[in-house]
Amino acid sequence: MLNFIDGGVCAAQGFRAAGVHAGVKTHAEWKKDVALIVSDVDCTAAAVFTKNVVKAAPIHVDLRHLADGKARAVIANSGNANACAPQGEENAERMCSAVAQALGCKPEDVLVSSTGVIGQRINVEAIETAIPTLCAALERSAEASDAAGHAIMTTDTTKKEAAVETTVGGKPVRMGGIAKGSGMIHPNMGTMLCFLTTDCAISPEMIKTALLETVSVSFNRISVDGDTSTNDTCCVLANGLAGNEPITAKGPDYDAFLSALRALCTELAKKMASDGEGARHLITCTVQGAKSEKSAETISKSVVSSTLTKAAIFGADANWGRVLCAMGYSGEDFDPDQVSVHFASAAGDIQVCAKGRGLDFDEDLAKKVLTEHDVEINISMGEGEASCTCWGCDITYDYIKINGDYRT
């Protein structure tokens, strides 16, 4: 049985976390800006990164450090992306070395991530100075996960945190995560950092397989603004302290682990979409009756990525024509005359299109439906049995305000 629990990255056995203000964010002295996650023992580890050709320095460092499929700790900062920046990789390695020295492990066993402004030299000296304080603050508690979750936030208005518990090989297994992401989010991940921890015993090969399978149906199914960042990172550490027989191949134990990981990452992905920069609505688009899951995913992504659809949801305008328009330029071949569209929320469900044609519907009810925070766009294709759900948010005036002066 799968249950959501408290604790974030500290929910699993043997993990501690902390978050402090080091001085990377010089304009906000009260904001935490460096996070540290540490396992009591060595972990198997895996990560996926941005597909943007321009990659931040920490990603190049992490690719080297993950060559052996192992890690012990993660250090992450907000306030500076360390991307296209002077001495980028050198400074990322310095962050790893400082943590390694404090913990008594190898620098190669430390992963590093950054998020924030691109192109400026990171104040690595401030981070190095803060490492002793950061290590002293390490705790195994929900409060510690909370501190780490806040330390990686940039334009986020709220932390993203979740944890789940399941059974693998007869043993209770826990996994948790923290994430950040509010703008520059688009399928293939975008300005997101996500750190996952678990006490499950699993091989490096299988944890990488599970992560790849999970990201494709969670983080890669959200969109905020169509931009894909230079820093996208999602990593998972597994220390094996749950005591289950190590997962080394696909089977029932792997399926249980994968199911829990998917549930955790989907929850975090939805939190990111809901907290899109300036957003007032979480948009859930479900495409049913498609000829294949790939086709359903492509169409659903196109709808949640559509600027005009986002604007319509912001205005609580049941302009379903924008939905069909976004479907039409998705690149998928389908019969528009078979498409039906419903808008739904806690305020009700209203059909606005049937067989590709508009219906007479209650505009007042539609307005109420679309005024709710969580809005659903439910599409029936009438072509098959496949389905897919993707998530996005509306676009508001505040999005322009936030990004108009982000650097300055």
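Here the structure is a predicted model, which is why all the values come from computation and not from measurement.

S.K.: A description of the sheet that holds strand E14 (residues 357–358) should follow, citing residues and the corresponding values.
M.R.: Spatial ordering of the open sheet is given by E9-E16-E11-E15-E12-E13-E14, a layout of 7 strands whose pairing is mixed. Two strands in the sheet have a free side with no partner beyond their single neighbour: strand E9 (222–223) and E14. The pairing of strand E11 (residues 282–290) with strand E15 (residues 374–380) spans 7 bridges and is parallel. Along E15, the bridge assignment pairs Leu282 with Asp374. Helix-sheet contacts for helix H7 (residues 293–305) involve E9, E11, E15 and strand E16 (386–393), and the interaxial angle to E16 is about 20°.

S.K.: Mind laying out the nonpolar core, listing which residues take part and the relevant values?
M.R.: By size, the foremost hydrophobic cluster in this structure holds 38 residues, and its most contacted members are Leu196, Phe219, Cys234 and Phe257. Taken together, the elements giving at least two residues each to this core come down to strand E3 (34–49), strand E6 (160–168), strand E7 (171–180), strand E8 (193–198), helix H5 (204–215), strand E10 (233–238) and helix H6 (252–274). In terms of residues, this core owes the most to one element, H6, which gives 11 residues. Grouped together as the second largest cluster of nonpolar side chains are 34 residues, Ala326, Phe334, Ile350 and Cys388 included.

S.K.: Quick rundown of the pattern of salt bridges? Include the residues and the values.
M.R.: For the coordinates displayed, the defined rule picks out 18 salt bridges. Residue Glu93 is joined to Arg64 by a salt bridge in which the shortest nitrogen-to-oxygen separation is 3.1 Å. Highlighted residues: Glu93 in helix H2 (residues 88–103) and Arg64 in helix H1 (residues 57–65), separated in sequence by 29 residues. Notably, a salt bridge pairs Lys159 with Glu161, separated by 3.0 Å at the nearest N-O pair. A network of salt bridges, in which partner residues are shared, links Arg94, Arg121, Glu125 and Glu128.

S.K.: Outline the pairing of strand E4 (residues 70–77), supporting the account with residue identities and numerical values.
M.R.: Within E4, 7 of the 8 residues are buried, which leaves it mostly tucked inside the rest of the structure. Bridge count for E3 against E4 is 7 bridges, and the pairing is antiparallel. Across the sheet, the residue bridging to Val38 is Ala73, located in E4. In this sheet, strand E5 (residues 110–114) lies alongside E4 in parallel orientation, the contact comprising 5 bridges. Note that in E5 the partner of Ala76 across the bridge is Ser113. Between the parallel pair E4 and E5, the chain is carried across by H2, and the sense of this crossover is right-handed.

S.K.: Describe the confidence of the model for the chain, with residues and values.
M.R.: Across the chain, the average pLDDT comes to 92, with 92% of residues at 70 or higher. Contacts for the low-pLDDT stretch residues 183–190, under 50 throughout, to residues beyond four places or in other chains number 52 contacts.

S.K.: Account for H7, with residues named and values stated.
M.R.: Counted at 1.5 Å a residue, the expected span for H7 with its 13 residues is 18 Å, and the 18 Å between its end C-alpha atoms agrees. Listed as buried for H7 are Ser295, Ala296, Glu297, Ile299, Ser300, Ser302, Val303 and Val304.

S.K.: Could you give an account of the packing of H2 against helix H3 (residues 124–136), naming the residues involved and the relevant values?
M.R.: Remark: H2 packs on H3, axes separated minimally by 10 Å, with the N-to-C direction vectors making an angle of 20°. Classified by the interaxial angle, the pair formed by H2 and H3 is roughly parallel. Seen along the crossing, H2 lies across H3 with a hand that is right-handed. Here Asn91, Arg94, Met95, Ala98, Val99, Ala102 and Leu103 of H2 come into contact with H3, specifically with Val124, Glu125, Ile127, Glu128, Ile131 and Cys135. Classifying every residue of the contact of H2 with H3 gives 9 nonpolar, 1 polar and 3 charged.

Reading the values: rules and limits
- Residues numbered from 1 in each chain as written.
- Predicted model: local features only at pLDDT ≥ 70, side-chain atom pairs only at ≥ 80, totals over all residues.
- Heavy atoms only, no water.
- Pairing = 2+ DSSP bridges.
- Helix = DSSP H or I, 4+ residues; strand = E, 2+ residues; numbered from the N terminus.
- Contact = heavy atoms within 4.5 Å.
- Axes fitted to C-alpha atoms, helices over the stretch in contact; angles between N-to-C directions.
- Core = buried A, V, L, I, M, F, W, Y, C linked by side-chain atoms within 4.5 Å.
- Buried < 20%, exposed > 50% of the residue type's maximum accessible area, 1.4 Å probe, protein only.
- Salt bridge = Lys/Arg side-chain N within 4 Å of Asp/Glu carboxyl O.
- Right-handed = clockwise from strand over helix to strand, strands pointing away.
- pLDDT = per-residue confidence, 0-100.
- Expected span 1.5 Å × (residues − 1).
- Parallel < 35°, antiparallel > 145°, perpendicular 65-115°, else oblique.
- Left-handed = near helix turned anticlockwise from the far one by under 90°.
- Nonpolar A, V, L, I, M, F, W, Y, C, P; charged D, E, K, R; others polar.

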